[in-house]
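Inside the fold
Next come the chains, spelled out residue by residue.
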Amino acid sequence: MLEAADRGAGHDDTPADSTASAVGGIAADRLRSIIERVERLEEERKALGSDIKDIFAEAKSAGFDVKVIRQIIRIRKQEPADVEEQETLLDIYRRALGM
């Protein structure tokens, strides 16, 4: 009874090592491929994060303020109109507070 449940309903007795093998209606090779691709990309992202951290350490040792560099990077990702609007509001709020 367990053997029939292991194969799943409606599946024939194809060998488990077949490249087109499916378990529970899932193509195992395709699933493995997707998982391995994500794992490789995660490793690349980890390496890139380490490289970015090294660059910020280099900037700090050269006397730059890393916090300000991060702000500039964040601003450069935004649309110019959005940046201008934020700067205008910031200026208005500063003046309202007497800064």
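Residues numbered from 1 in each chain as written. Predicted model: local features only at pLDDT ≥ 70, side-chain atom pairs only at ≥ 80, totals over all residues. Heavy atoms only, no water.

1. Observations concerning the overall build of the chain
Tallying secondary structure elements over the chain gives four helices and two strands in all. Taken from the N to the C terminus, the helices and strands of the chain come in the order α-β-β-α-α-α. By residue count, 5% of the 99 residues in the chain fall in the buried class. With an accessible surface of roughly 9,200 Å², the chain has 57% of that area assigned to carbon and sulfur atoms. (Helix = DSSP H or I, 4+ residues; strand = E, 2+ residues; numbered from the N terminus. Buried < 20%, exposed > 50% of the residue type's maximum accessible area, 1.4 Å probe, protein only. Areas by Shrake-Rupley, 256 points an atom, 1.4 Å probe, with all protein chains shown as cover.)

2. Some details on the packing of aromatic side chains
We describe a pair of aromatic rings using the distance from one ring centre to the other and the angle between the two ring planes. Applying the stated criterion across every chain yields a total of zero aromatic pairs. In this structure, Arg 70 is placed above the aromatic ring of Phe 56, and the distance from its NZ or CZ to the ring centre is 4.0 Å. (Phe/Tyr/Trp six-rings, centres within 6.5 Å; stacked < 30°, edge-to-face > 60°. Lys NZ or Arg CZ within 6 Å of the ring centre and 35° of its normal.)

3. As for helix H2 (residues 28-61)
The terminal C-alpha atoms of H2, which comprises 34 residues, lie 50 Å apart, in line with the 50 Å expected from a rise of 1.5 Å per residue. Among the residues trailing H2, Gly 63 stands out with phi positive, at a value near 95°. (Expected span 1.5 Å × (residues − 1).)

4. Looking at the pattern of salt bridges
Applying the stated criterion across every chain, the model contains two salt bridges. Between Arg 32 and Asp 29 there is a salt bridge, with its nearest N and O atoms 3.2 Å apart. Of this pair, Arg 32 and Asp 29 both sit in helix H2, three residues apart, which is roughly one turn of the helix. A relative accessible area of 45% means that Arg 32 is categorised as partly exposed. For Arg 95, the salt bridge is made with Asp 91, and the minimal N-O distance between the two is 3.0 Å. Here Asp 91 and Arg 95 lie together in helix H4 (residues 80-96), a separation of four residues that amounts to about one turn. (Salt bridge = Lys/Arg side-chain N within 4 Å of Asp/Glu carboxyl O.)

5. A look at a nonpolar patch on the surface
A cluster of nonpolar residues, Ile 26, Leu 31 and Ile 35, forms a patch on the protein surface that exposes about 250 Å² of accessible area. In this structure, Ile 26 sits in strand S2 (residues 26-27). On the basis of relative accessibility, which here comes to 46%, the residue Ile 26 falls in the partly exposed class. (Patch = residues over 30% accessible without salt bridge, like charges linked within 9 Å, V, L, I, M, F, W, Y side chains within 5 Å.)

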